[in-house]
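# Structural features, examined
Next come the chains, spelled out residue by residue.
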Amino acid sequence: MSGALLALVIVLIFSGIIILHESGHYVSAKLAGIKVEQFSVGFGPMLFGRQRGETLYAVRAIPLGGFVKLAGMDGTDAGPRGFNAHPLWQRFIVIVAGSALNLALPVLIFFGTIAIAGDLDYKAPIEVGSLDSTKPAVSAPNVMPTGPAGIRPGDVILSVDGHPVNQYNDLHRWVNASNGAPVTVTVRRDGQTQTYTVTPVYDQDSGGFVNYGPLQAAGLSIQRTGDTIAGIFGGIYQLATDKRLGGLLGPKGIEGPVGIVKTTAQVAQGGGLNLIPFIGFLSLSLGLVNILPFPALDGGRAAFLVIEAIRGRPVDPAREQMVHYVGLAILFGLIGLVTYNDVLR
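Residues numbered from 1 in each chain as written. Predicted model: local features only at pLDDT ≥ 70, side-chain atom pairs only at ≥ 80, totals over all residues. Heavy atoms only, no water.

Looking now at the overall build of the chain. Secondary structure summary: the chain contains eight helices and 10 strands in total. Here the chain, with 345 residues, has 37% of them falling under the buried criterion. In the chain, 61% of the contacts between residues at least 6 apart in sequence involve partners at least 24 apart. (Helix = DSSP H or I, 4+ residues; strand = E, 2+ residues; numbered from the N terminus. Buried < 20%, exposed > 50% of the residue type's maximum accessible area, 1.4 Å probe, protein only. Contact = heavy atoms within 4.5 Å.)

Below, the structure is given as structure tokens:
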């Protein structure tokens, strides 16, 4: 993939995820009768925009997110179509709708891929160690004959008949191309590169692609999304508790915008089979981050609505806005720190 095409793909991915998120706020606000003054992708100075009806649609210079501006959300009196003039439950739905769409996208992606292409079911897992073409690594026990003269469990397959193996599909393609004839396999074992000539053997018990019906695919897609969420929180917990990693904001901590773009570029180079699930992962991550009860995030605004429900009256709008401004400043500071770490990596 050329550099220009790769850049375009990355821009489309992030723009699409942001637009999806903001569309949740936009559509739910429209359905509730709340006036939407602006739908913006990005922050900072406006690069271009178009007024359609009562809403300004804009693209801004800093591509770190987006926002939907709702009339009266800043505490001013915007009349009967203002945000605060609507029932609390409607306002709560509008606030969380963006994250809800981000959380729903990976479920739909997993459902589509499983229902259409099937799912991998291996009794001996094949782990893709890297999608970087400079570091091909597919650990593949039980794919070929094992033992002293063949592939051993834990070997890393580098190539088959001279064809690089960067992911499972490469291995599947070149082994099947042999039609059962002997193939030359280069592996890395204990840090050493070795080459073997082996004959592929079809093993029905080793698993493979399994086709599922719509109901099974739906269940698996929800399970896969849940597993991904658990993995995200598990990774955060490990970063926070493992001193060797230096903490969440340490040199090996969470990635910022630069690191996320680098990772996306590496995944995109591996092809659509890797990129489509990764888009779901990015959307899921955005949804989870935005729903955190931190000022300036959707979760922070939702928290103020919960406080309003408990108290029976809203928090003073000026005080709430001040809290969100402070939270936004902290967020930009954190983004700057993790971006600095990204550059050093």
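On to the packing of helix α1 (residues 3-32) against helix α5 (residues 257-269), then. The interhelical angle for the contact between α1 and α5, taken along N-to-C directions, is 115°, at an axis separation of 10 Å. In this structure, α1 crosses over α5, and the sense of that crossing is right-handed. For the pair α1 and α5, the contacting residues are L6, I10, I13 and F14 in the first and I260, V261, T264, A265, A268 and Q269 in the second. Residue composition of the contact of α1 with α5, by class: eight nonpolar, two polar and no charged. (Axes fitted to C-alpha atoms, helices over the stretch in contact; angles between N-to-C directions. Left-handed = near helix turned anticlockwise from the far one by under 90°. Nonpolar A, V, L, I, M, F, W, Y, C, P; charged D, E, K, R; others polar.)

On inspection of all chains with the given rule, the structure shows five aromatic pairs. Arranged with centres 6.2 Å apart and planes meeting at 35°, the rings of F39 and Y57 form a pair that is tilted. Taken together, the residues span a long stretch of sequence, with F39 in strand β1 (residues 36-52) and Y57 in strand β2 (residues 55-70) at a distance of 18 residues. For the ring pair F43 and F67, a centre distance of 6.0 Å and an interplane angle of 15° mean the geometry is stacked. Of the two residues, F43 sits in strand β1 while F67 sits in strand β2, which places them 24 residues apart along the sequence. By relative accessible area, F43 is classed as partly exposed at 25%. With relative accessibility at 24%, the residue F67 sits in the partly exposed group. (Phe/Tyr/Trp six-rings, centres within 6.5 Å; stacked < 30°, edge-to-face > 60°.)

The next point concerns the pattern of salt bridges. Enumeration according to the criterion identifies four salt bridges in this entry. Among the salt bridges present, the one from K30 reaches E54, with a minimum N-O distance of 3.3 Å. Residue K30 is found in helix α1, and its partner E54 is found in the loop between β1 and β2; the two are separated by 24 residues along the sequence. Under the relative-accessibility criterion, E54 is labelled partly exposed at 26%. Across the pair R91 and E308 runs a salt bridge whose closest N-O atoms are separated by 2.9 Å. In this pair, R91 sits in helix α2 (residues 88-117) while E308 sits in helix α7 (residues 298-311), placing the two residues 217 residues apart along the sequence. (Salt bridge = Lys/Arg side-chain N within 4 Å of Asp/Glu carboxyl O.)

Take the pairing of strand β6 (residues 156-160) next. Burial of β6 is extensive: five of the five residues sit out of reach of the surface. In this sheet, strand β8 (residues 183-189) lies alongside β6 in antiparallel orientation, the contact comprising four bridges. Within β8, the residue paired with I157 across the bridge is V187. For β6 and strand β7 (residues 163-164), the ladder comprises two bridges, and the chain directions are antiparallel. Its bridge partner lying in β7, V160 is registered against H163. From the end of β6 to the start of β7, which pair antiparallel, there are two residues, and D161 there has a positive phi angle of about 50°. (Pairing = 2+ DSSP bridges.)

Under the 1.5 Å per step criterion, the end-to-end length of α5 is 18 Å for 13 residues, consistent within 8% with the ideal 18 Å. Those residues of α5 that fall on the buried side of the exposure criterion are G259, T264, A265, V267 and A268. Immediately downstream of α5, the backbone of G271 shows phi near 105°, a positive value. (Expected span 1.5 Å × (residues − 1).)

In this sheet, strand β9 (residues 192-198) lies alongside β8 in antiparallel orientation, the contact comprising seven bridges. Of the residues in β9, the one forming a bridge with V185 is Y196. Where β8 folds back onto β9 in an antiparallel hairpin, the turn is made up of two residues, including D190, whose phi is positive at roughly 55°.

Attention shifts here to the nonpolar core. Grouped together as the largest cluster of nonpolar side chains are 16 residues, with contacts concentrated most on I34 and L70. Secondary structure elements with two or more residues in this core: α1, β1, β2, α2 and α7. The greatest single-element share of this core, amounting to four residues, is contributed by α1. Ignoring any residue separated from it by four or fewer positions in sequence, one finds I34 in contact with A29, L70, R81, G82, F83, H86 and V94. In this structure, I10, I13, I17 and A268 belong to the second largest nonpolar core, which totals 11 residues. (Core = buried A, V, L, I, M, F, W, Y, C linked by side-chain atoms within 4.5 Å.)

On their own, these measurements won't tell you what the molecule is for.
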